[in-house]
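# Secondary and tertiary structure notes
Each chain, written out:
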Amino acid sequence: MTEIENMMIAIKAESAKIDLAMHNDLDSLKPGLDPLLSEILDYGLFNGGKRIRPLLAVLSARLCGSTDDSVYELAKAFEYLHAATLFHDDVIDNADTRRGRPAVNKQFGLISAILAGDFLHARSMEIVGNMVGAEGLAVFCQATAGMVDGEFMQLRNAAQSNLSESDYYDAIIGKTGLLIAASCHVGALYGGGSTEQQQALRSYGVGLGCAFQMVDDLLDYTGDQLKTGKAVGNDLAEGKMTLPLIITLARADDQDRLQLEDILASPELRQTEIRIVMEHINKYRGFDETRARAVKAANEASAQLSMFTDSTVSESKVTLQVLAQYVLSRQK
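Residues numbered from 1 in each chain as written. Predicted model: local features only at pLDDT ≥ 70, side-chain atom pairs only at ≥ 80, totals over all residues. Heavy atoms only, no water.

## Some details on unusual backbone geometry
- With a phi close to 60°, R51 is a non-glycine residue in the positive phi region.
- Here R51 is to be found in the loop between α2 (35-45) and α3 (52-63).
- Accessibility expressed as a relative area gives 4% for R51, which makes it buried. (Helix = DSSP H or I, 4+ residues; strand = E, 2+ residues; numbered from the N terminus. Buried < 20%, exposed > 50% of the residue type's maximum accessible area, 1.4 Å probe, protein only.)

Structure, rendered in structure tokens:
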């Protein structure tokens, strides 16, 4: 088997432990929860997903010396927060589906989806505060605030057709990179890692998050809808300024640039002219350049792990290295 296939087997085993921790937690809370809230949480949390963020917390803790199973109790907080952001994102986007079935907002209504997301956010903060204290909670809350700021920046970039790559990177670090970085950072903190180890794992998370988002940008244009669970060109339809488009607009000649700008300015054309946009992105190698930058970000993330040389943590280190390569090959 390949390294990625072996990693996927390991992830499946770890995911089962994370799921068990979530099930046990929700079962303990169930007597005090509204039955509808319990139903939404079961529906929204256990609908697939590879548990990457909680897995990163576990692996980072292991890399810094943690050996106990209570790390899964901490890790579930990162899946709770991730799920909360998905519930809210689907409300914002008026999404119909999530991972091949009706999104929470479609299944249970907007108000219920928002409230369930709020509950998961609060519960995740409680867990982190109890298990890692004020220092870990500060990292966690900074990531949450950064995610909100990243969403606002993305909205502003879309409204202004902002072509700044710097602003794009700021937005994706906020939207995606900070939670992944916080998963690594808080895991390292829980595992007793030094300041240098915490920072290295945090930097790994930022790089991994950037690579992850760039691949997302590619999948929006080139992905299989049956695998990604969303329509091709969804980001374009919403007017989002993703990296393939930003690169293309920077390279296009005047005629092609004007055509692309006309499409971007029209909600109707953004829905109907996806093929023309893709032709221009191909012409100016926007997809190739985005892929190259994702590879660079993933490789830079892996390089952050070089300080971990203890043979007792080699399995966790290898898994993190392979995970960075998996992000580049994912199809959903």
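## Structural notes on the pattern of salt bridges
- By the definition in use, this model includes 21 salt bridges.
- Among the salt bridges present, the one from K106 reaches D96, with a minimum N-O distance of 3.5 Å. One end of the pair, K106, is in helix α5 (residues 104-108); the other, D96, is in the loop between α4 (71-93) and β1 (97-98), with ten residues separating them in the sequence.
- The partner of D235 in a salt bridge is K240, and the shortest N-O contact between them spans 3.8 Å.
- Judged by relative accessible area, which is 7%, D235 ranks as buried.
- One salt-bridge network, held together by shared partners, links E165, R251, E289 and R293. (Salt bridge = Lys/Arg side-chain N within 4 Å of Asp/Glu carboxyl O.)

## Things to note about the packing of aromatic side chains
- One pass over the full model with this rule turns up four aromatic pairs.
- Plain terms: the ring middles of Y43 and F108 are 5.3 Å apart, the flat faces sit at 80° to each other, and that makes the pair edge-to-face. Within this pair, whereas Y43 is found in helix α2, its partner F108 is found in helix α5, the two being separated by 65 residues in sequence.
- Centre to centre, the rings of Y168 and Y169 are 5.3 Å apart; their planes meet at 70°, and the pair counts as edge-to-face.
- The exposure class of Y169 is partly exposed, given its relative accessible area of 23%.
- Over the ring of F212 we find R53, and its NZ or CZ is 5.7 Å from the ring centre.
- Sitting over the face of the ring of Y43, R101 holds its NZ or CZ atom 3.8 Å from the ring centroid. (Phe/Tyr/Trp six-rings, centres within 6.5 Å; stacked < 30°, edge-to-face > 60°. Lys NZ or Arg CZ within 6 Å of the ring centre and 35° of its normal.)

## With respect to the environment of G117
- Checked against the element boundaries, G117 lands in helix α6 (residues 110-159).
- When its relative accessible area of 0% is taken as the criterion, G117 is described as buried.
- With 37 residues separating them in the primary sequence, G117 and Y80 have C-alpha atoms 8.5 Å apart.
- If we ignore the near neighbours within four places in the chain, the residues touching G117 are A84, F87 and H88. (Contact = heavy atoms within 4.5 Å.)

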